[in-house]
Amino acid sequence: MATTLPIAAKAGFMTCHICHQLNHAAHGGHDSACARCGAALHFRKPDSIARSWALLIAAMILYVPANVMHVTETSALTGIQRDTIMSGVIYLWATGSIPVAVLIFFASIMVPLAKIIALLLLLITTQRGSTWRQLDRGRLYRVVELVGRWSMVDIYVIGLLVTLVQLGGLANIVAGPGAIAFGAVVVLTMFAAEAFDPRLIWDAGENESGRE
Ligand SMILES: [Zn+2]
């Protein structure tokens, strides 16, 4: 995977991930330790693409049960009702909680899907060494990373859903297997974004043009 190194790396400079000290590589471009804090130094995150792929594929697989299996199981006097994220959204919409229905639809269905698609795009283009819209891809990565930090909103939303259902009457509610799969999707996409090294986007075409 590590074919050619870009400018700073060619000059033998590496930034420490921990303390941001700029280090000079000791010899021959081998990864070494930070001169200030002793943390391991890498020109690029090791096996970035492979690790990011593994986490993303796991997230994509779990996205299916997260949406197909029930996330809540409500037992009331009338019987047991099992809801998927989508049926919960429809239920909330139908009972007049339109803003909450919209919020849950976006936070729990659209945002995770958009994150998966964005990571797929980044991984495929970067793996192919594409020079296509590098600036926009860098921006896209920053958005995915930013969304990741706020992803716990998704889980918060399920909590909110549970509360709303409980307010609705004499009901007892527990999380279903879909909720576990959903939580796993959130965490896995976050880790997939973290494993991806955005500097790899700019490694493509660095040899031909030699720009700064
Ligand atoms: Zn350091």
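Residues numbered from 1 in each chain as written. Predicted model: local features only at pLDDT ≥ 70, side-chain atom pairs only at ≥ 80, totals over all residues. Heavy atoms only, no water.

Regarding the overall build of the protein chain
Looking only at helices and strands, one finds nine helices and five strands in the protein chain. Secondary structure elements in the protein chain, listed N-terminal to C-terminal, are α-β-β-α-β-β-α-α-α-α-β-α-α-α. The buried share of the protein chain, reckoned over its 212 residues, is 39%. Excluding contacts between residues fewer than 6 apart, the proportion of contacts in the protein chain whose partners are at least 24 apart in sequence is 65%. A total accessible area of about 11,800 Å² is found for the protein chain, and carbon and sulfur atoms account for 67% of it. (Helix = DSSP H or I, 4+ residues; strand = E, 2+ residues; numbered from the N terminus. Buried < 20%, exposed > 50% of the residue type's maximum accessible area, 1.4 Å probe, protein only. Contact = heavy atoms within 4.5 Å. Areas by Shrake-Rupley, 256 points an atom, 1.4 Å probe, with all protein chains shown as cover.)

Re the coordination of the zinc ion
Every protein donor of the zinc ion is accounted for by Cys16 (SG), Cys19 (SG), Cys34 (SG) and Cys37 (SG), and the metal-donor separations fall at 2.3 to 2.4 Å. Here the donor residues for the zinc ion map to a single chain with the spacing C-x2-C-x14-C-x2-C. Here the residue Cys19 occupies a position in the loop between β1 (13-15) and β2 (22-24), and Cys34 occupies one in the loop between β2 and α2 (48-68), the gap between them amounting to 15 residues. Overall, Cys19 belongs to the partly exposed group, its relative accessible area being 21%. (Donors = N, O, S within 2.8 Å, 3.2 Å for Na, K, Ca; no water.)

A few points about a nonpolar patch on the surface
A grouping of Trp93, Ile98, Val102, Phe106 and Met110 is seen on the molecular surface, where their side chains present a nonpolar patch of about 450 Å² in accessible area. When residues of the nonpolar patch are assigned to their parent elements, the largest contribution, four residues, is made by helix α4 (residues 98-127). By the element assignment, Val102 lies in helix α4. (Patch = residues over 30% accessible without salt bridge, like charges linked within 9 Å, V, L, I, M, F, W, Y side chains within 5 Å. Salt bridge = Lys/Arg side-chain N within 4 Å of Asp/Glu carboxyl O.)

Quick word on the pattern of salt bridges
Tallying each qualifying case throughout the model produces six salt bridges. A salt bridge links Arg44 to Asp203, with the nearest nitrogen and oxygen atoms 2.9 Å apart. Taken as a pair, Arg44 in the loop between β2 and α2 and Asp203 in helix α8 (residues 199-203) lie far apart in primary sequence, 159 residues in all. Of the residues examined, Arg44 reaches a relative accessible area of 18% and is grouped as buried.

Some words on the pairing of strand β3 (residues 72-76)
Where β3 lies against strand β4 (residues 79-83), five bridges are found, and the strand directions are antiparallel. Directly across from Thr72, in β4, lies its bridge partner Asp83. (Pairing = 2+ DSSP bridges.)

A look at the packing of α2 against α4
In contact at an axis separation of 11 Å, α2 and α4 are set at 150° when each is read in the N-to-C sense. For the element pair α2 / α4, the angle class is roughly antiparallel. Crossing of α2 over α4 shows left-handed handedness. When α2 is examined against α4, the residues Ile49, Ser52, Trp53, Leu56, Ala59, Met60, Tyr63 and Asn67 are found in contact with a partner set consisting of Ile109, Pro112, Leu113, Ile116, Leu119, Leu120, Leu123, Ile124, Thr126 and Gln127. When its residues are assigned to classes, the contact of α2 with α4 shows 14 nonpolar, four polar and no charged. (Axes fitted to C-alpha atoms, helices over the stretch in contact; angles between N-to-C directions. Parallel < 35°, antiparallel > 145°, perpendicular 65-115°, else oblique. Left-handed = near helix turned anticlockwise from the far one by under 90°. Nonpolar A, V, L, I, M, F, W, Y, C, P; charged D, E, K, R; others polar.)

Some points on the nonpolar core
Membership of the largest hydrophobic core comes to 30 residues, with the highest contact counts inside it found for Ile49, Leu56, Ile85, Ile104, Leu119, Leu123 and Phe196. Of all elements in the fold, only α2, α3 (85-94), α4, α5 (134-149), α7 (177-195) and α8 reach the threshold of two or more residues within this core. Excluding its chain neighbours within four sequence positions, the residues that come into contact with Leu119 are Leu56, Val144, Thr189, Ala192 and Ala193. Residues Ala9, Cys16, Ala39 and Leu41 belong to the second largest nonpolar core, which totals eight residues. (Core = buried A, V, L, I, M, F, W, Y, C linked by side-chain atoms within 4.5 Å.)

Some words on the packing of aromatic side chains
Within a pair of aromatic rings, the relevant descriptors are the distance that separates the centres and the angle that separates the planes. One pass over the structure, following the stated rule, counts two aromatic pairs. Aromatic side chains Phe105 and Phe106 sit 5.6 Å apart centroid to centroid with 85° between the ring planes, which places their arrangement in the edge-to-face category. Owing to a relative accessible area of 46%, Phe106 belongs among the partly exposed residues under this scheme. Between Tyr141 and Phe196, the aromatic rings sit 5.4 Å apart at their centres with planes inclined by 45°, giving tilted as the arrangement. (Phe/Tyr/Trp six-rings, centres within 6.5 Å; stacked < 30°, edge-to-face > 60°.)

Describing unusual backbone geometry
One non-glycine residue, His20, adopts positive backbone phi at about 65°. Mapped onto the fold, His20 is located in the loop between β1 and β2. A positive phi angle, near 50°, is found at Asp47, a position not held by glycine. Mapped onto the secondary structure, Asp47 falls in the loop between β2 and α2.

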